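Letter by letter, the chains look like this.
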Amino acid sequence: MTADATTPVCEAINIWTQFGNTVIHKNLSMQVNSGEVLALVGGSGSGKTTLLRHIVGLTQPTRGEIRLFGENLQTLDRDGQKRVRNRFGMLFQQGALFSALSVFENIAFPLRELRQFDEATIHLLVMHKLALVELEPQHADLLPAQLSGGMIKRVGLARALSLEPELLVLDEPTAGLDPDRSENFVRLIKDLRIQLGLTVVFVTHDLDTLTSLADRVAVLADQHIVASCTIDELGSMTHPFVCNFFNGVKERLERFNKPNELIKHGK
Amino acid sequence: MSDAVFKIDEGSRIVLTGQWSLRAAGNHFAVLQQQLAPYFSRPQMFWDLTTIEQLDSAAAALLLTGWGGQLSQRVSLRPEHESLFDSLQHAQSPRRALDEALIDDVVIHPGMLKSFVLHLADFITLTGLLTLEFLYLFRRPRDIPWKEISANVYKGGVLALPVTGLVGGMIGVAMSYLMALQLRKFGADIFIVNILGLAIIRELGPILMSVLVAGRSGSAMTAQIGVMRVTEEIDALATMGVSRTLRLILPKVVALTLIAPLLLFWTSLWALIGGMVVAFFQLGIGFEFFIEHLPRVVKATNLVLATIKGFTFGLTVALIACHFGLRVQPNTESLSNSTTSSVVTSITVVILLDALFAIATRSIGI
């Protein structure tokens, strides 16, 4: 294995993406270090999701290279690709659960694909993952269509976690959840991150999610990463999008740092 | 970093070392489980997990299952691994047997009769809703969805012209060729016109057209309505105050009913042309004679009959397609089932109706 502590978990090197005449990414470079939580932010249509899809190997950049755990997915053979893909889990924006399979089978799917575990172990592991995302065992028999939005996200997360990935990729993890649930979900991801030692990359529009979850923020604007730093350091940036964006963040940071006062006011 | 290994110390002590996790690429847990199996069952075995490099839930679950779901005194753990085993033990729940679940499903849906009755009830509801929409449109002709009807006429009719023409022509050629060989034996060459005319216009044309329309437009309609249900587009329509029956079902039904007789004549026409060409080459019956002789042996009532069949079959296919489309549950399995059912049911019902027609009209037009 080439991965060690000094290799970035994920690295984008001089990425160009072009759809017809539209340039999405222009000479974009980015790096995700082991153990950190990186938030990818940017305006609508700035290419956040596209970059995420490049990272997980669903699409290929026009030029440039994506390295996951030090390896380029596109140049690997089938087995190598499978090995690398098993080292990260992805939570899609809509959950992307297999609608014909129950919750149990959805989470068991990656484990079954591995063909290394017997039914008893798979059962135990699925139940463990369900408990991990705070779902009840009786939810295992439900079909995705019977789940609420928040539960779909949880099941999606459990499925992404079922192979004990090192890297977790989240596309809009809290989109479509009410503030209460989105807060719970963020707390869940934070807990899991500590428990499982995850590296997390996520895309978000939600400033609350951002401020409470991210170690580092990468801002995507003008077709490349205009800032890649901690939230506090964003304040010193002069890029118009970053300034605009940071104003929203600042308010939340103040609230976030003084939660007690707020509660007092509230009561 | 090394793969998961274990060694036996002093006969009764088993020491696990290395990376007991899915992250180590060299691990194969099925093999490990097999190798460990003899020790799992040995009660005097002492398990030492303290020198393990990394332990993840997958490996822990494997070990715990091996120990029969219980942590015993004979297992020594590192403190940081205790919580993992704890949560795994809590996650244990009685395993559901898959076979039982299947039997349960069968019990919930007893017999095909009930499902047939449910289908029938839904179908009657659908026709009822459609009738109400028609009455509504009588009063409010401005709301007639012309655009949708026109789009459906184009999709289901105009685009179906090549395939129906081709299939019709080929069937005509095949039939005429076989008949020609038989008829020549009896010297009854001229009857080819009777046989082709009656068979194609009365029976084959309508059936061929319905089968093609069911396979082509019927399946498309079911899938379209089904996907719209899956993606909640139908609900979105409803919230905008747009009647789904009026905007989705009615245009399809009207369009298919209108174009079915036209497609039927188009299919029959090409079948007759195919038959005529073969009759010319095989039996030497000229085109002019064929065309002149045809109206004499096939009465005009047959055309009326064919038109009625065309309307009926088109209506049937469209109604069945919409019926199954509306029954799609929001998952992919149900979508594929419904589309299959839609096509199979349409074709079966059309052939049944055709048989009824044949019996009811046995003394007309022959």
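Cut-offs applied
Residues numbered from 1 in each chain as written. Chains lettered and ligands numbered in written order. Predicted model: local features only at pLDDT ≥ 70, side-chain atom pairs only at ≥ 80, totals over all residues. Heavy atoms only, no water. Phe/Tyr/Trp six-rings, centres within 6.5 Å; stacked < 30°, edge-to-face > 60°. Helix = DSSP H or I, 4+ residues; strand = E, 2+ residues; numbered from the N terminus. Lys NZ or Arg CZ within 6 Å of the ring centre and 35° of its normal. Core = buried A, V, L, I, M, F, W, Y, C linked by side-chain atoms within 4.5 Å. Buried < 20%, exposed > 50% of the residue type's maximum accessible area, 1.4 Å probe, protein only. Contact = heavy atoms within 4.5 Å. pLDDT = per-residue confidence, 0-100. Pairing = 2+ DSSP bridges. Axes fitted to C-alpha atoms, helices over the stretch in contact; angles between N-to-C directions.

1. Thoughts on the packing of aromatic side chains
Moving on, step 1. Inspection of every chain in the model, using the stated rule, returns 10 aromatic pairs over all chains.
Moving on, step 2. Ring geometry for B:Trp47 against B:Trp67: centres 5.4 Å apart, planes inclined by 75°, an arrangement best described as edge-to-face. One end of the pair, B:Trp47, is in strand β3 (residues 46-48); the other, B:Trp67, is in the loop between α2 (57-66) and β5 (75-76), and 20 residues separate them in sequence.
Moving on, step 3. Chaining the aromatic ring pairs together yields one cluster made of B:Phe40, B:Trp47, B:Trp67 and B:Phe85.
Moving on, step 4. Looking at A:Arg63, its charged tip hangs above the ring of A:Trp16, at a distance of 4.6 Å from the centre.
Moving on, step 5. The ring centre of A:Phe98 lies 4.7 Å from the NZ or CZ of A:Arg159, which sits over that ring.

2. Thoughts on the nonpolar core
Moving on, step 1. Residues A:Leu157, B:Trp20, B:Trp47, B:Leu49 and B:Leu63 are the most contacted members of the largest nonpolar core, which totals 85 residues.
Moving on, step 2. Setting aside residues up to four positions removed in sequence, A:Leu157 forms contacts with A:Leu91, A:Val133, A:Leu168, A:Leu170, A:Phe185, A:Leu188, A:Ile189 and A:Leu192.

3. What to know about the confidence of the model for chain B
Residues and elements named next belong to chain B.
Moving on, step 1. Per-residue pLDDT for chain B averages 87, and the proportion of residues at 70 or more is 95%.
Moving on, step 2. Summarising per-element confidence for chain B, the mean pLDDT is lowest in helix α4 (residues 98-108) (51) and highest in helix α12 (residues 301-326) (95).
Moving on, step 3. In the model output, the complex is listed with pTM 0.69 alongside ipTM 0.73.

4. Considering the pairing of strand β3 (residues 37-42) of chain A
Residues and elements named next belong to chain A.
Moving on, step 1. In terms of burial, β3 is a largely internal element, six of the six residues being buried.
Moving on, step 2. Neither face of β3 is left uncovered, since the one carrying Val 37, Ala 39 and Val 41 and the one carrying Leu 38, Leu 40 and Gly 42 both have all their residues buried.
Moving on, step 3. Across four bridges, the pairing between β3 and strand β8 (residues 199-203) is parallel. By the bridge assignment, Ala 39 is partnered in β8 with Phe 202.
Moving on, step 4. By the bridge criterion, five bridges tie β3 to strand β9 (residues 216-221) in an arrangement that is parallel. Residue pairing in the sheet places Gly 42 in a bridge with Leu 220 of β9.

5. Some words on unusual backbone geometry
All names here are of chain A.
Moving on, step 1. Despite not being glycine, Asn 27 shows a phi value in the positive range, around 50°.
Moving on, step 2. Structurally, Asn 27 can be placed in strand β2 (residues 22-32).
Moving on, step 3. Residues other than glycine seldom take positive phi values, yet Arg 115 does so here, at roughly 55°.
Moving on, step 4. By secondary structure assignment, the location of Arg 115 is in the loop between α3 (103-114) and α4 (119-132).

6. Here's the deal with the sheet that holds β3(A)
All names here are of chain A.
Moving on, step 1. In spatial order, the strands read β6-β7-β8-β3-β9-β10; together these six strands make up an open sheet with mixed pairing. A single partner strand is all that each edge strand has here, and the edge strands are β6 (88-91) and β10 (224-229). In this sheet, neighbouring strand axes are inclined to one another by 15° on average, regardless of whether the strands run parallel or antiparallel.

7. Let's talk about the sheet that holds strand β5 (residues 71-72) of chain A
Within a sheet, neighbouring strands are paired by backbone hydrogen bonds and run either parallel or antiparallel to one another.
Residue and element names in this part refer to chain A.
Moving on, step 1. Pairing is antiparallel in the open sheet, where four strands are placed in the order β2-β1-β4-β5. Only two strands of the sheet have a single partner each, and these edge strands are β2 and β5.
Moving on, step 2. Inspection of the sheet shows strand β1 (residues 10-19) paired to β2 by seven bridges, in the antiparallel sense. Counterpart to Cys 10 in the pairing with β2 is Val 32.
Moving on, step 3. Contacting β1, β2 and β4 (63-68), helix α1 (residues 48-55) crosses the sheet at an angle of about 60° to β2.

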